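Here is what each chain is made of, one letter per residue.
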Amino acid sequence: QLQASGGGLVQAGGSLGLSCVGSGRTFSRYGMGWFRQAPGKEREFVAAISWSVSDTYYTDSVKGRFTISRDNAKSTVYLQMNSLKPEDTAVYYCATPARPYDNRWKVNSEYVYWGQGTLVTVSS
């Protein structure tokens, strides 16, 4: 089970941090990802982090602005979002693959378990 939080309303150029707490299995064995879905658009990948914490991966549009991190002791993955733009407005979802130690953690289709989503609204 994944529980995301931290969404809200922020002005363009501002910052917001999201959190996602995992439960029900050994969090440290699984890659974690953040995805988002803007109104009228398909869900898209934002960022992912390997189970080992050492590797991260971002979609081009957020590189240099967003940072994904995790604290396995707290079973939590974070997404720090800086320099937010109106086009970042979306419902943000955390997700995780089914398999532990999945080497395909950068592959969108591997993410099969989803949190409930948290809304981020960036005003211009």
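Per chain, the residues get numbers from 1 upward, laid out in the order the sequence is written. Given that this is a predicted model, residues contribute local features only at a pLDDT of at least 70 and side-chain atom pairs are listed and counted only at 80 or more, while totals for whole chains, interfaces and linings are drawn from all residues. Excluded from the side-chain calculations are hydrogens and water; all other atoms, namely the structure's heavy atoms, are used.

Student: Residues and numbers for the state of the cysteines, please.
Tutor: Think of a disulfide as a covalent bridge from one cysteine sulfur atom to another cysteine sulfur atom. Only a pair of cysteine sulfur atoms within 2.5 Å qualifies as a disulfide here. For the structure shown, the criterion picks out one disulfide. Paired through a disulfide, Cys-20 and Cys-94 show a sulfur-sulfur distance of 2.0 Å. The chirality of the disulfide connecting Cys-20 with Cys-94 is right-handed, given an S-S dihedral of about 60 degrees. One end of the pair, Cys-20, is in strand S3 (residues 16-22); the other, Cys-94, is in strand S9 (residues 90-97), and 74 residues separate them in sequence. Each member of the pair, Cys-20 together with Cys-94, is buried. Helix and strand assignments follow DSSP, with helices taken as H or I runs no shorter than four residues and strands as E runs no shorter than two, numbered in order from the N terminus. Burial classes follow relative accessibility: with a 1.4 Å probe on protein chains only, a residue under 20% of its type's maximum area counts as buried, one over 50% as exposed, and anything between as partly exposed.

Student: Describe unusual backbone geometry, naming the residues involved and giving the relevant values.
Tutor: Even without being glycine, Ser-75 reaches a positive phi, approximately 50 degrees. Relative to the helices and strands, Ser-75 is located in the loop between strand S7 (66-71) and strand S8 (76-81). For Ser-83, which is not glycine, the phi dihedral falls at a positive 50 degrees. For Ser-83, the position within the fold is in the loop between S8 and S9.

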